[in-house]
Amino acid sequence: MWGILLELAGGFLFGAAVALIVSTIIDASVVKDKAKEKYPNKSLKLLIKSKNTRKVDVGIYNRKTGEHYDDIQIESEKGVSESLYEGQELYA
C-alpha cells in the first residue's frame, strides 16, 4: 500500500497530532482512508483545517456528538488535490 511514516508533531490544542506521509496525491479518499485507519470502528466527521500545496491538517470528530478525537497532518510530495479546501467537511 502506501509508505507511511508515523511521528509525533507538537502543538495542537488537545494533544499531539500525527503526521502521515503518503506517496500519492492527497484527495478526499486519502483523507478518509487515513482517518479510518486510526479510528476503524467509529463514524467520523473530518474537517480540513488547513491546506497548502503539499499537506493538509485534518480534525477528526465523532460524527454524531461532535467530540474531538484527534488532529492529523497528511503530507505528500505529489501534492494536494484542488478538490480539497479549508473548512470542508468529509464523512467516513
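Preceding this paragraph is the structure being described.
Note that the coordinates shown come from a computational prediction; the quantities given were computed from them, not determined experimentally.

J.: How would you summarise the environment of D33 if you had to cite specific residues and measurements?
T.: As for its position among the elements, D33 is in helix α1 (residues 28-38). Separated by 59 residues in sequence, D33 and A92 place their C-alpha atoms 8.2 Å apart.

J.: How would you explain the pattern of salt bridges if you had to name every residue and give the values?
T.: Per the stated rule, a full pass over the model turns up four salt bridges. Among the salt bridges present, the one from K38 reaches D70, with a minimum N-O distance of 3.1 Å. With K38 in helix α1 and D70 in strand β5 (residues 68-75), this pair connects stretches of sequence that are 32 residues apart. The class for D70 is buried, based on a relative accessible area of 10%.

J.: Give me the packing of aromatic side chains: which residues, what numbers.
T.: Aromatic rings considered in pairs are described by the distance between their centres and by the relative angle of their planes. Under the defined criterion, the tally for this structure stands at one aromatic pair. Judged by centre distance (5.1 Å) and plane angle (20°), the ring pair of Y39 and Y69 falls under stacked. Of the two residues, Y39 sits in the loop between α1 and β3 (44-51) while Y69 sits in strand β5, which places them 30 residues apart along the sequence. Accessibility classification places Y39 together with Y69 in one group, the buried group. Positioned above the aromatic ring of Y61 is the side chain of K45, whose terminal nitrogen or guanidinium carbon lies 5.6 Å from the ring centre.

Conventions adopted
- Every chain is numbered on its own, with residues counted from 1 as its sequence reads.
- With the structure being a predicted model, the display of local features is reserved for residues of pLDDT at least 70 and the display and counting of side-chain atom pairs for 80 or more, all residues being used for whole-chain, interface and lining totals.
- Side-chain measures here rest on the full set of heavy atoms in the structure, leaving out hydrogens and waters.
- Secondary structure is summarised from DSSP: a helix means a run of H or I of at least four residues, a strand means a run of E of at least two, and numbering begins at the N terminus for each.
- Salt bridge criterion: a side-chain nitrogen from Lys or Arg within 4 Å of a carboxyl oxygen from Asp or Glu.
- Note on exposure labels: buried denotes an accessible area under 20% of the residue type's maximum, exposed denotes more than 50%, and partly exposed covers the range between, all computed with a 1.4 Å probe on protein chains only.
- Pairs were defined over the aromatic rings of Phe, Tyr and Trp, the Trp ring being its six-membered one, requiring ring centres within 6.5 Å. Orientation was assigned from the angle between planes: stacked under 30 degrees, edge-to-face over 60, tilted for the rest.
- A ring is considered to have a charge above it if a Lys NZ or an Arg CZ atom is located within 6 Å of its centre and within 35 degrees of its normal.

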